[in-house]
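Okay, here's what each chain looks like letter by letter:
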Amino acid sequence: MPKTEAKISGARLMVELLEEYGVDIVFGYPGGAILPFYDELYKSTKIKHILVRHEQGAIHMAEGYARSTGKLGVCIATSGPGATNLVTGLTDAKLDSVPILAITGQVATNAIGTDAFQEADIYGITIPITKYNALIKSADDIARHFQEATLVALGGRPGPVLLDFPKDVQTELTSVRKVDKLKIDSRHYQKPPIGGDLDSFAAALNKAKRPLLYVGGGAINANASKEIKELAEKGNIPVTTTLMGIGAFPGTHQLSVGMLGMHGTAYANKAVLECDYILNLGARFDDRVAKPGEFAENAVRAHIDIDTAEFNKRVSVDYLLHGDLKEVLKALIPKVNKVDRPEWVGFLDTIKKNHPLEFDDSTDTIKPQAFLQKLYEKSKGKAIVSTDVGQHQMWAAQYYLFEEANRWLTSGGLGTMGYGLPAAIGAKFGNPNKTVICVSGDGSIQMNIQELATIAMYKKGVKILIFNNNFLGMVRQWQELFYEERFSESEWNYNPDFVKLGEAYSIKGLKISNKSEIDKALEFFLEDDDARILEVMIPAEEKVFPMIPAGKSQKDMIEFSDTVRAGKK
Amino acid sequence: MKHILKILVNNHPGVMSHVSGLFTRRSYNIDSIAVGVTQDPEISNMVIVVKGDDSVVEQVKRQLLKLPDVIEVEDLAYHDCISRELVLVVVKVEDSNRTEIISICEVFQAKIADLTKTTMTIEFSGNTRQVEHFMEMMQKYGIQEIARTGQIALKYRST
Ligand SMILES: Cc1ncc(C[n+]2csc(CCOP(=O)(O)OP(=O)(O)O)c2C)c(N)n1
């Protein structure tokens, strides 16, 4: 007779499965329907639980942890309001392809559907915003759902998954911890074979005179930086990245033309206009980058992606290859010719020189661009940087250059204000020895400012930089440019004293408003590994340039010099 | 153009929401959905008739394949499959036209499922064109109520 395993509770099993999987940190917040699980977590010596101040904080921390380490991020919430507080984070992780496992408490199975206290149909709510979700109906199903969920979260194009865990299933006894058969197909987690014709793909690339690599977040998920560099250097192919692809190719490399799109560099966007061949590596031709029908319209367009649903979704392409980007590039590189391209590379070097990122730094006020340049120098370009959403995010993307992947944490797809602070905290937990800086605005920081308490409680040395323009700056910029300066509800004329607020949490702070104070402030900011708040006053009128207005294409880019010429810098 | 998609899915209550949600979310136009279990009780067969050009339907297929509960998606070319839809229709009848309606039903091989002094409930099944045609014939008598199943379909076998 086979030895039957001893029965344990569903909650115990879930904790053991997490331990066996190698999860050593989870971010969460308890409540009634998840108490049996928390009781087992209490006994775990392998899993550290980080108690947050709001469940949205927990999931963004899990995202920051996942993006900066490449591992699965795990967050826990109770039923009802706890679970619904995860919705923004799940959507954020879905759009930016971040592997997250969310475990939520649920009312007991016999109460489901009765509008019980703190009941929310989180299964139904999260269908469109997860890659996989399940309502666990029996403790015997836990092991299978856990295995399916974790495989799907990291398989193929990564993303968030959710397990809804009713209270009675947490206490139900089970001995089923081995899974006989998964109910999902292996296509959801096995690396696919390379799909498409490598030879004709390579031939088209070899024919190009002015090729360009357009690198997205998928390159980071596929850990393909090394191969991208190899391809770029072998063929002397300039590289532009999307907001999510920042770091996949060294920002200081001679072949780098920086970020493209709405607030990309002029030279990246001009490269898109001038290239005769563009190769999309794990990007998705999204609307901040590509206008269907106009994007690189005269170029041969090629695309490599792990997600076939991205092919020809917004922009049609001439050549495509399906598969894991790293594997595909490994197979492709030997077929690519070694070429010098003095004209094309030289042409872009000239554009770089003639159309640099620009701003006016002639006054005593602090310009965020200048400040970020200094921050980049002082932190030696080695920090992990998270951002919130707005002008500060775009300036950080433009002025802080990265040599490596997994150091740039930003909400690209959803544009979630409130992402920056918790993401930085999560990253610091995953990278205790690195400098982690959160670049935020006076608007965004207040969306999850309660997590200052988490920083204080766990003594995490997160560096918080707040650019204060007393405005919802990006909204103001659009209103100035496209709504005839009607600043409807974007003026932000009440802020707390951020320095005092930090002090309330025993976090040291400083506020500066004059250029002459920058060096000292940066010293204070970075001198040790303690948390800091640095509030930097900046002019409200400062705008992010270049800019491609929404719905327009590279041809319609407005540069800083254009506005100076028009007399309204 | 219309496409008939045959989708094999895991048979559990959430699957319908996953699949139909995908269609609404991405604003693909569905003509009809019909679902039933297959010879394997763990697997259901969904037949979705969707409107759109080939590139849209290709997108639909790829998006469907990303759903964990979707096992297989097949685009059944219209001319290559047997498709049926069942319709129940209540028409008004009078003594003067009862035999006329009955003889039309005979031609169409439609069944009379129920009869009252003033109404007749007719059961008819066929492919879309036949159903449309039959409904057209019934129109003139006055249709009081209709229930349609949506199409189901299977591919013609070659051997
Ligand atoms: C949750 C959320 N609400 C609203 C917005 C719309 N939004 C985009 S940028 C922005 C202004 C951000 O202001 P701030 O954080 O001060 O940054 P700044 O643009 O001034 O640098 C707003 C309101 C958003 N992206 N996210």
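Residues numbered from 1 in each chain as written. Chains lettered and ligands numbered in written order. Predicted model: local features only at pLDDT ≥ 70, side-chain atom pairs only at ≥ 80, totals over all residues. Heavy atoms only, no water.

(A) Expanded view of the site of the ligand. All names here are of chain A. Inspection of the region around the ligand gives 17 residues, with Gln-391, Gly-415, Gly-443, Ser-444 and Gly-473 positioned closest. Residue His-392 places a side-chain N or O atom 2.9 Å away from an oxygen atom belonging to the ligand. The separation between an oxygen atom of the ligand and a polar side-chain atom of Asn-469 is 2.9 Å. Sorting the residues of the shell around the ligand by element identifies α16 (391-399) and α19 (473-482) as the ones contributing at least two each. Element by element, the count of residues in the shell around the ligand is highest for α19, at 3 residues. (Near = heavy atom within 4 Å. Polar contact = N/O pair within 3.5 Å; in protein donor to acceptor, adjacent residues only side chain to side chain. Helix = DSSP H or I, 4+ residues; strand = E, 2+ residues; numbered from the N terminus.)

(B) View of the interface of chain B and chain A. At the junction of the two partners, chain B supplies 17 residues and chain A supplies 17 residues. In total, chain B and chain A occlude about 1,400 Å² of area from one another, counting both sides; carbon and sulfur atoms represent 47% of this. Contact with chain A buries surface across chain B, with His-18, Arg-62 and Pro-68 of chain B losing the most and accounting together for 39% of the total. Taken together, the connections running from chain B to chain A amount to 1 salt bridge. Counting every contact that joins chain B to chain A gives 9 residue pairs in polar contact (both at pLDDT 80 or more). Every element with two or more residues in the side of chain B that touches chain A is listed here: α1 (15-25), α2 (54-65) and β4 (70-76) of chain B. For the side of chain B that touches chain A, a count of residues per class yields 6 nonpolar, 7 polar and 4 charged. (Contact = heavy atoms within 4.5 Å. Buried area = accessible area lost by both parts, 1.4 Å probe. Salt bridge = Lys/Arg side-chain N within 4 Å of Asp/Glu carboxyl O. Nonpolar A, V, L, I, M, F, W, Y, C, P; charged D, E, K, R; others polar.)

(C) Just the domain arrangement of chain B, in detail. Residue and element names in this part refer to chain B. According to the domain assignment, chain B contains domain 1 (2-76) and domain 2 (83-155). On a C-alpha basis, the centroid separation for the pair domain 1 and domain 2 is 29 Å. Opposite the 8 residues of domain 1 that make contact, domain 2 presents 7 residues. For the pair domain 1 and domain 2, the summed buried surface comes to about 650 Å²; carbon and sulfur atoms form 61% of the total. Counting the surface domain 1 buries against domain 2, the share from its top three residues, Ala-34, Val-47 and Leu-76, is 44%. Summed over the shared surface of domain 1 and domain 2, the number is 1 salt bridge. Note that Lys-155 and Glu-74 form a salt bridge whose closest N and O atoms lie 3.4 Å from each other. Between the two partners, domain 1 and domain 2, sit 2 residue pairs in polar contact (both at pLDDT 80 or more). (Domains from an automatic or database assignment.)

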